[in-house]
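Okay, here's what each chain looks like letter by letter:
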Amino acid sequence: SSKSIFQRKFKEGRSGMSSFDLKPESRLGYGSQVNATVWTVPRDRVPLLLEGRGLSLSVWQATFDAVYGHYAYILPAVNQLVPFMLIPCCICCMFPKMMQLNKENHDRWMQLVEKQA
């Protein structure tokens, strides 16, 4: 059907290559631990979409480790803030910390992307 063709072309995007996300399989909530996380793509083999495109297993594992490291850094910081977010009078005091954490999160993602480029 034309709808499935459109959906396929939309997913392929400009590069002509389908995409995938390297992220936790399920939403991480309060108390989540990165070492117990199931990922959408495994570390031990190059993703099917990247096979045959010159990506070595070691490069893939370095990328995986960088994403894992980002979550390992940011998740404990978020978990420390959550209990205070349940107390209305603490929210205004925690707002600067939340903004700082958001900036750190953004900056770390940008550094990761720049290293991969």
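Our structure's up above, just so we're on the same page.
Residues numbered from 1 in each chain as written. Predicted model: local features only at pLDDT ≥ 70, side-chain atom pairs only at ≥ 80, totals over all residues. Heavy atoms only, no water.

(A) Fine view of the packing of aromatic side chains. This structure, assessed with the given rule, holds two aromatic pairs. A ring pair is formed by Tyr71 and Trp109, whose centres lie 6.0 Å apart and whose planes are at 80 degrees; its orientation type is edge-to-face. Taken together, the positions of Tyr71 in helix H2 (residues 57-85) and Trp109 in helix H3 (residues 88-116) put the pair 38 residues apart, joining distant regions of the chain. Residue class for Tyr71 comes out buried when judged on its relative accessible area of 17%. A relative accessible area of 25% means that Trp109 is categorised as partly exposed. For Arg108, the ring lying beneath its charged end belongs to Tyr73, and the centroid distance is 3.9 Å. (Phe/Tyr/Trp six-rings, centres within 6.5 Å; stacked < 30°, edge-to-face > 60°. Helix = DSSP H or I, 4+ residues; strand = E, 2+ residues; numbered from the N terminus. Buried < 20%, exposed > 50% of the residue type's maximum accessible area, 1.4 Å probe, protein only. Lys NZ or Arg CZ within 6 Å of the ring centre and 35° of its normal.)

(B) Broad picture of the pattern of salt bridges. Under the counting rule described, the total for this entry stands at two salt bridges. Across the salt bridge formed by Arg43 and Asp65, the nearest N and O atoms sit 2.6 Å from each other. Here Arg43, found in the loop between helix H1 (2-12) and H2, pairs with Asp65, found in helix H2; they are 22 residues apart in sequence, far enough to count as distant. A residue is classified by how much of its surface remains accessible, and Asp65, at 36% relative accessible area, is partly exposed. Across the pair Lys103 and Asp107 runs a salt bridge whose closest N-O atoms are separated by 2.7 Å. Taken together, the residues span about one helical turn, with Lys103 and Asp107 both in helix H3 at a distance of four residues. (Salt bridge = Lys/Arg side-chain N within 4 Å of Asp/Glu carboxyl O.)

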